[in-house]
Amino acid sequence: MDGTQRKDISVGSTVEVVQKHHQRSGELTQGVVQRLLTKSPTHPHGIKVQLESGIVGRVKNVL
């Protein structure tokens, strides 16, 4: 599942995110969602979340 729909992502979900400084390379970081930062129901580049590790990024895959 891709991360463009806010309804598909909840706190506690395991996801892969791309951080701002990794957008060119597309390097993904896996983690558990702590907070949803995007308020709108959809976003074309992925919903922005904060992981439990403190990393902020846009969701590319919901695992």
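Not measured: the values here are computed from a predicted model.

Let's talk about the side chain of S13
Here is step 1: With respect to the helices, strands and loops of the structure, S13 is situated in the segment before strand 1 (14-18).
Here is step 2: With relative accessibility at 14%, the residue S13 sits in the buried group.
Here is step 3: In terms of polar contacts, S13 uses its side chain to reach the backbone carbonyl oxygen of S10, at 2.8 Å.
Here is step 4: With sequence-adjacent residues up to four places away left out, S13 is seen in contact with G31, V32 and V33.

Some words on the sheet that holds strand 4 (residues 56-62)
Here is step 1: Here we have four strands rolled up into a closed barrel, ordered 1-2-3-4, and antiparallel in their pairing. Averaged over all neighbouring strand pairs, the angle between strand axes comes to 70°, with direction disregarded.
Here is step 2: Direction of pairing for strand 3 (residues 48-51) relative to strand 4: antiparallel, over a ladder of three bridges. In the sheet register, Q50 faces strand 4, and the bridge partner there is V56.

Thoughts on the pairing of strand 3
Here is step 1: Two strands pair when backbone bridges link them, and strand 2 (residues 28-36) and strand 3 are joined in this way by three bridges, in the antiparallel orientation. When the sheet's bridge partners are listed, V33 is paired in strand 3 with L51.
Here is step 2: Between strand 3 and strand 4, which pair antiparallel one after the other, the connecting turn spans four residues, and G54 there sits at a positive phi close to 95°.

Some remarks on the pattern of salt bridges
Here is step 1: In the structure shown here, the tally under the stated rule is one salt bridge.
Here is step 2: Two residues, D8 and K7, come together in a salt bridge whose shortest N-O distance is 3.5 Å.
Here is step 3: The exposure class of D8 is partly exposed, given its relative accessible area of 22%.
Here is step 4: Of the residues examined, K7 reaches a relative accessible area of 69% and is grouped as exposed.

Focus on the environment of R35
Here is step 1: Tracing the chain through its elements places R35 in strand 2.
Here is step 2: In this structure, the C-alpha to C-alpha distance between R35 and Q50, residues 15 residues apart in sequence, is 5.1 Å.

Notes on the nonpolar core
Here is step 1: Membership of the largest hydrophobic core is limited to 10 residues, which are I9, V15, V17, V33, L36, I47, V49, L51, V59 and V62.
Here is step 2: For this core, the secondary structure elements donating two or more residues are strand 1, strand 2, strand 3 and strand 4.
Here is step 3: When sequence neighbours within four positions are dropped, the list of residues in contact with V33 reads I9, S10, V11, G12, S13, V15, V49, Q50 and L51.

Conventions used here
Residues numbered from 1 in each chain as written. Predicted model: local features only at pLDDT ≥ 70, side-chain atom pairs only at ≥ 80, totals over all residues. Heavy atoms only, no water. Helix = DSSP H or I, 4+ residues; strand = E, 2+ residues; numbered from the N terminus. Buried < 20%, exposed > 50% of the residue type's maximum accessible area, 1.4 Å probe, protein only. Polar contact = N/O pair within 3.5 Å; in protein donor to acceptor, adjacent residues only side chain to side chain. Contact = heavy atoms within 4.5 Å. Pairing = 2+ DSSP bridges. Axes fitted to C-alpha atoms, helices over the stretch in contact; angles between N-to-C directions. Salt bridge = Lys/Arg side-chain N within 4 Å of Asp/Glu carboxyl O. Core = buried A, V, L, I, M, F, W, Y, C linked by side-chain atoms within 4.5 Å.

Purely spatial values, then, with no claim about function.
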